[in-house]
Amino acid sequence: MIINHPLLGPRDASEFTHLGDESMIDRPDGMNEGAAEKFHDYLYLRDNPAGKYRELWYHEAGDRSWLVVTRDTVTHEIFKVELARDVARSRGRSK
Amino acid sequence: MRYSAFGILKQGLTGNKGWKPVWREPEPKKSYDYIIVGGGGHGLATAHYLAKVFGGKNIAVLEKGWIGSGNIGRNTTIVRSNYGLDGNQPFYEMSLKLWEGLEQDLNYNAMMSQRGILNLAHSDGQRDAYARRGNAMLMSGADAELLDRSAIEKMCPFLNFDNERFPIKAGLLQRRAGTARHDAVAWGYARSADLHGVDIIQNCEVTGFQMKNGKCLGVQTNQGLIKAKKTAVCVAGASSRVMEKAGMRLPIESHVLQAFVSEGLKPTIPGVITYGAGHFYVSQSDKGGLVFGGDLDGYNSYAQRGNLPVVEDVCSGGMSIMPMIGRARLLRMWGGVMDMSMDGSPFIDKTGIEGLYFNGGWCYGGFKATPASGYCYAHLLATDTPHENASQMRLDRFIRGNMIDEKGVGAQPNLH
């Protein structure tokens, strides 16, 4: 697989490590009510779709950026690659 | 028809014209007592034990494709019970004992061959960990031996003993481990289940569950609605997709694991050998091909095929420990979809929905578990209580903090 890095251009997937579901960007607030249940769902439960999937990849052997890759889990086709930082900011984080 | 040596001789002398289909192909009934969704190894084993041991009647196995078309037909055929944790080891030792009597139980040749598994250790720390694991195995009633370097040299002179970076320090040997013929396991269980009256319905895809007041009353399929008092899902890599239809999210990700077979060679490898410094395991099939594998590709996949970087990684692991395989040519390779759980251990449990049961999360160790998985799942279905050897394999173990994490890497399915 070739991941088209937004800053570095097309890079081989073997330069990256795979963390998992993009929902891990949205870490629950540990001080809120029901935090234990929310953390359980956040840490352990997955949608695991067959088809389009948004997931976190880390450019370990490169610029060490975190990316959100939109990929098809049936064909391995990659549709879109974004910086995880931009995705988090677009949801109102780190303002 | 019961198989026997005399029967084979008789058929051989009469042109092999008397063999009959091994199972029926019935039309689905309107309702059953038990529906098992998934006609793989675990599903068929569940049907067999439910009918034969627990006296279950009116059972159907629904399979989307043909039986045995999933991971039971795509694995590296290794059978062993060398786990370290309480929640696992007694279960896998139960499984190995069932393997040992499987062919007599099924009256079917599963080509069970107890040629042993040798886990190599390459550091003092790893040797200590294997000694500890061996003791855990002994305590569950399994066999385990810690070999020193000279014993390994005698047993496997072809290994690389000159590697300064990853020297062979010791090995954990389980002599009762081995390999079995994967397809024959599926066919043997299917035949036995069929003989005990189980309806095996192929090309029957479950498209949804029939729910009423929080109870599961049956399944919608491409062959119509089939009602059941108890519905038992057992679909390995497709677990998340099927249970999603019941509104459940599982602690499971589906990943691809590749496997490889070389051209046929003369007998050269005595049993199963695993490399402890890289991830590589190899055995030799009865036809002579070296059957080997290594790590997951590492990303979620339903593709049943992997990519080349892992091929290179696995082969370089093999070259590192067993340089002679560099002369063998790769014959074929394939991928299977693994239901990787969040702690690397499986589930055999009720769900929060009455009448709906779940078995899955076998990661890439499901084949060896086939008999015990079927037995314990049948026990759960028949009695509504977990079998003592599967009592920790629960869906709620994460929120209770009772993970069964053999490898100790946490909630990271691609690392288990």
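Position numbers for residues count from 1 along each chain, tracking the sequence in the order it is written. Chains and ligands are labelled by the order in which they are written, letters from A for the one and numbers from 1 for the other. Local features in a predicted model are, by the rule used here, given only for residues with pLDDT of at least 70; side-chain atom pairs are given and counted only at 80 or more, and totals for whole chains, interfaces and linings are based on all residues. For side-chain calculations, the full set of non-hydrogen atoms in the structure is used, while hydrogens and water are omitted.

Visitor: Looking at this structure, I do not really get the sheet that holds strand β14 (residues 280-284) of chain B. What am I missing?
Guide: Sheet strands pair via backbone hydrogen bonds, and the direction of the pair is either parallel or antiparallel. Residue and element names in this part refer to chain B. Only strands joined by at least two bridges in the DSSP assignment are considered to pair. A helix here means a DSSP run of H or I that spans at least four residues, while a strand means a run of E at least two residues long, and both kinds are numbered starting from the N terminus. A sheet is described by the order of its strands in space; here eight strands give the open sequence β5-β6-β4-β13-β14-β15-β12-β16, paired in mixed fashion. Strands at the two margins of the open sheet, each flanked by one partner only, are β5 (145-148) and β16 (330-341). Neighbour-to-neighbour, the strand axes of the sheet open up by a mean angle of 25 degrees, direction not taken into account. Here three bridges tie strand β4 (residues 117-121) to strand β13 (residues 272-275), and the two strands are oriented parallel to one another. Bridge pairing in β13 links Asn119 to Thr274. To obtain each axis, a line is fitted to C-alpha atoms, and for helices this fit is confined to the stretch in contact; angles are then taken between N-to-C directions over 0 to 180 degrees.

Visitor: Mind showing me how you'd approach the sheet that holds strand β6 (residues 78-83) of chain A here?
Guide: Residue and element names in this part refer to chain A. Read from one edge to the other, the open sheet built from four strands follows the order β3-β4-β5-β6, with strand pairing classed as antiparallel. Because the sheet does not close on itself, it has two edges, and the strands there are β3 (17-21) and β6. Between one strand axis and the next, the sheet turns through 30 degrees on average, direction left out of account. Two elements, strand β4 (residues 52-58) and strand β5 (residues 66-72), share seven bridges in a ladder whose sense is antiparallel. Across the sheet, Trp57 pairs through a bridge with Leu67, a residue of β5.

Visitor: Looking at this model, I keep getting lost on the side chain of B:Asn163. Mind explaining?
Guide: Relative to the assigned elements, B:Asn163 resides in the loop between α6 (149-155) and β6 (170-174). At 3.0 Å, the side chain of B:Asn163 forms a polar contact with the backbone nitrogen of B:Phe166. Polar contact is the term for a pair of N or O atoms within 3.5 Å; when the atoms are in protein, one must be able to donate a hydrogen and the other to accept it, and sequence-neighboring residues count only if both atoms are side-chain atoms.

Visitor: What am I meant to see in the domain arrangement of chain B here?
Guide: Size of an interface: often given as the accessible area lost when the parts come together. Residues and elements named next belong to chain B. Domain ranges listed in this record stem from an automatic or a database domain assignment. Each domain of chain B was delimited in the assignment, giving domain 1 (27-81 + 84-107 + 182-251 + 344-415) and domain 2 (117-122 + 137-179 + 253-341). Just the C-alpha atoms count here: the centres of domain 1 and domain 2 sit 27 Å apart. Contacts were defined at the residue level, with two residues in contact if any of their heavy atoms lie within 4.5 Å. Between domain 1 and domain 2, the contact holds 32 residues from the first and 34 residues from the second. Interface area lost by domain 1 to domain 2 is led by Arg74, Tyr364 and Pro413, which between them contribute 26%. Here, a salt bridge means any Lys or Arg side-chain nitrogen found within 4 Å of an Asp or Glu carboxyl oxygen. For the pair domain 1 and domain 2, the interface holds two salt bridges. Summed over both partners, the accessible area (1.4 Å probe) lost when two parts come together is defined as the buried area.

Visitor: Before we go on, may I ask you to explain the interface of chain A and chain B in this structure?
Guide: Residue-level contacts link 23 residues of chain A with 24 residues of chain B. Each partner contributes to the roughly 2,100 Å² buried at the junction of chain A and chain B, and carbon and sulfur atoms together form 52% of this total. Run the count over chain A and chain B and you get two salt bridges. Linking B:Arg249 and A:Asp47 is a salt bridge whose minimum nitrogen-to-oxygen distance equals 2.8 Å. When residues of the side of chain A that touches chain B are assigned to their parent elements, the largest contribution, four residues, is made by helix α1 (residues 35-44) of chain A.

Visitor: Any chance you could explain the packing of aromatic side chains here in plain terms?
Guide: Aromatic ring pairs: the centre-centre distance and the angle between the two ring planes describe each pair. Stacked, tilted and edge-to-face pairs are distinguished by plane angle, under 30 degrees for stacked and over 60 for edge-to-face with tilted covering the rest, among Phe, Tyr and Trp rings (Trp via its six-membered ring) whose centres lie within 6.5 Å. Applying the stated rule across the entire model yields 18 aromatic pairs over all chains. Chaining the aromatic ring pairs together yields one cluster made of A:Tyr44, B:Phe347, B:Phe358 and B:Phe398. Directly above the ring of A:Phe79 sits A:Lys52, whose terminal nitrogen or CZ lies 4.4 Å from the centroid. Whether a charge lies above a ring is judged from NZ of Lys or CZ of Arg, which has to be within 6 Å of the ring centre and within 35 degrees of the ring normal.

Visitor: Is there a simple way to think about a nonpolar patch on the surface in this case?
Guide: Residues and elements named next belong to chain B. Taken together, the side chains of Met1, Ile8 and Trp19 make up a nonpolar region of the molecular surface, amounting to roughly 320 Å² of accessible area. One can find Ile8 in helix α1 (residues 5-13). Look at Ile8 and you get exposed, because its relative accessible area is 54%. Exposure above 30% relative accessible area and no salt bridge define the residues that can form patches, which grow by joining like charges within 9 Å and nonpolar side chains of Val, Leu, Ile, Met, Phe, Trp and Tyr within 5 Å. Per-residue and other accessible areas follow the Shrake-Rupley method at a 1.4 Å probe size, with only the shown protein chains counted as cover for residues. Only protein chains enter the accessibility calculation, which uses a 1.4 Å probe; a residue is then buried when its area is under 20% of its type maximum, exposed when over 50%, and partly exposed in between.

Visitor: Hey, could you run me through the pattern of salt bridges in this one?
Guide: It is possible for side chains of opposite charge to pair when their charged atoms get near one another. Residues and elements named next belong to chain B. Applying the stated criterion across every chain yields a total of 27 salt bridges over all chains. For Arg127, the salt bridge goes to Asp124, with nearest N and O atoms at 3.2 Å. Of the two residues, Arg127 and Asp124 are both situated in helix α5 (residues 124-139); the distance of three residues between them amounts to about one turn of the helix. On the accessibility criterion, Arg127 (30% relative accessible area) is partly exposed. With relative accessibility at 40%, the residue Asp124 sits in the partly exposed group.

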